Each structure stands twice: as structure tokens, then as C-alpha cells.
Amino acid sequence: MGTIVCQSCLGTIEHYEDEKVSVLFSNCCDCNDDKELDD
């Protein structure tokens with residue numbers, strides 16, 4: 001079981017099937033929108 005976590009808000013985005021337990025980091029849509037407004 002793997003988990004995809006947002007690197008901005010640390011919220012769980014999705015779980016996926018995997019042989020090992022792992023965590024991948026990405027950005028969720030909400031955080032991407034907020035970041036663009038702050039820049």
C-alpha cells in the first residue's frame with residue numbers, strides 16, 4: 001500500500017496498491033491554486 005501526500009498541506013491525496021509501504025509527495029489542486037495567488 002502506498003500513499004500520495006501533498007507536500008504543501010501534508011494532506012493525503014490518494015492511496016494506491018504497491019508491494020511495499022511507501023509515501024510519495026505531490027501537490028493537490030487546492031494548494032497549487034493558493035500558491036499561484038500568493039506569488
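Residues numbered from 1 in each chain as written. Predicted model: local features only at pLDDT ≥ 70, side-chain atom pairs only at ≥ 80, totals over all residues. Heavy atoms only, no water.

Engineer: Would you mind going over the overall build of the chain in detail, with residue names and values included?
Structural biologist: Helix and strand content of the chain: one helix and three strands. Counting only residues that meet the buried cut, the chain has 18% of its 39 residues in that class. In the chain, of all internal contacts separated by at least 6 residues, the share reaching a separation of at least 24 is 4%. Just so you have it, the chain exposes about 3300 Å², and 51% of that area is on carbon and sulfur atoms. (Helix = DSSP H or I, 4+ residues; strand = E, 2+ residues; numbered from the N terminus. Buried < 20%, exposed > 50% of the residue type's maximum accessible area, 1.4 Å probe, protein only. Contact = heavy atoms within 4.5 Å. Areas by Shrake-Rupley, 256 points an atom, 1.4 Å probe, with all protein chains shown as cover.)

Engineer: Break down the sheet that holds strand β1 (residues 2-6) for me, with residues and values.
Structural biologist: Reading across the sheet, the three strands line up as β2-β1-β3 and stay open at both edges, with mixed pairing between neighbours. Each of the sheet's edge strands pairs with one partner strand only, and the pair in question is β2 (12-16) and β3 (22-26). Pairs of neighbouring strands in the sheet enclose a mean axial angle of 20 degrees, with direction left out of account. Pairing analysis gives four bridges linking β1 to β2, with the strands arranged antiparallel. The residue bridging Thr3 from the neighbouring strand is His15, located in β2. (Pairing = 2+ DSSP bridges. Axes fitted to C-alpha atoms, helices over the stretch in contact; angles between N-to-C directions.)

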